[in-house]
Amino acid sequence: MNLRHNMWKLLAFMGGAGWLMLLVPELHFLYKNLIPALGEGKYLAFIIMGYAMFFCLPVVLIRKVFSVFLPERCESPIEKVVMGILCFLFVLISRALM
């Protein structure tokens with residue numbers, strides 16, 4: 001169970017790094033120039049980064065917020081709905097920034 005939580009946190013951290021690359025022009029330029037160096041591995045990198053940015057990061061953020069501010073609502077359907085909405089919003093925001 002601890003390994004699973006650490007994996008989620010690691011992927012959420014990677015998602016945060018992905019958002020920084022998307023928002024900071026200097027990092028986005030670096031990303032655009034270095035990604036071709038991965039060759040065929042770039043597709044796997046895109047899949048992992050998409051999963052980290054649009055699924056893991058919002059889920060971890062909502063779990064943290066609910067555990068701190070609404071501990072009685074953890075693991076409730078309300079938390080799941082908010083997670084889904086935040087995942088959808090992250091996709092919409094990233095599309096607007098591209």
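Scroll up a little and you will see the structure.
Residue positions are given per chain, counting from 1 as you read along its sequence in written order. Predicted model: local features are reported for residues with pLDDT of at least 70 only, side-chain atom pairs are reported and counted for 80 or more only, and whole-chain, interface and lining totals are derived from all residues. Note that the side-chain values use all heavy atoms of the structure and ignore hydrogens as well as water.

**Section: the nonpolar core**
The following threshold applies: By nonpolar core is meant a set of buried Ala, Val, Leu, Ile, Met, Phe, Trp, Tyr and Cys residues that side-chain atoms within 4.5 Å join together. Throughout, exposure labels follow a simple rule: accessible area from a 1.4 Å probe, protein chains only, divided by the maximum for the residue type, with under 20% read as buried, over 50% as exposed, and the rest as partly exposed. Note on conventions: DSSP H or I runs of at least 4 residues are helices, E runs of at least 2 residues are strands, and numbering of each starts at the N terminus. We call two residues in contact when some of their heavy atoms are within 4.5 Å.
Counting residues in each nonpolar core, the largest one holds 16 residues, and the members touching the most others are Trp19, Leu57, Val59, Ile62 and Phe90. Of all the secondary structure elements, the ones that give two or more residues to this core are helix H1 (2-23), helix H3 (41-69) and helix H4 (77-97). Beyond its immediate chain neighbours, meaning those up to four positions away, isoleucine 62 contacts Glu79, Val82, Met83 and Leu86.

**Describing a nonpolar patch on the surface**
Quick reminder of the rule: Residues form patches when they are more than 30% accessible in relative terms and have no salt bridge. Like charges link within 9 Å. Nonpolar side chains (Val, Leu, Ile, Met, Phe, Trp, Tyr) link within 5 Å. Computed with a 1.4 Å probe, the accessible areas rest on the Shrake-Rupley method; for each residue, only the protein chains presented here act as cover. By salt bridge we mean one thing: a side-chain nitrogen of Lys or Arg within 4 Å of a carboxyl oxygen of Asp or Glu.
A contiguous nonpolar patch, built from Leu23, Val81, Ile85, Phe88, Leu89, Leu92, Ile93 and Leu97 and spanning about 740 Å² of accessible area, is present on the exposed surface. The leading source of residues in the nonpolar patch is H4, at seven residues. With respect to the helices and strands, leucine 92 occurs in helix H4.

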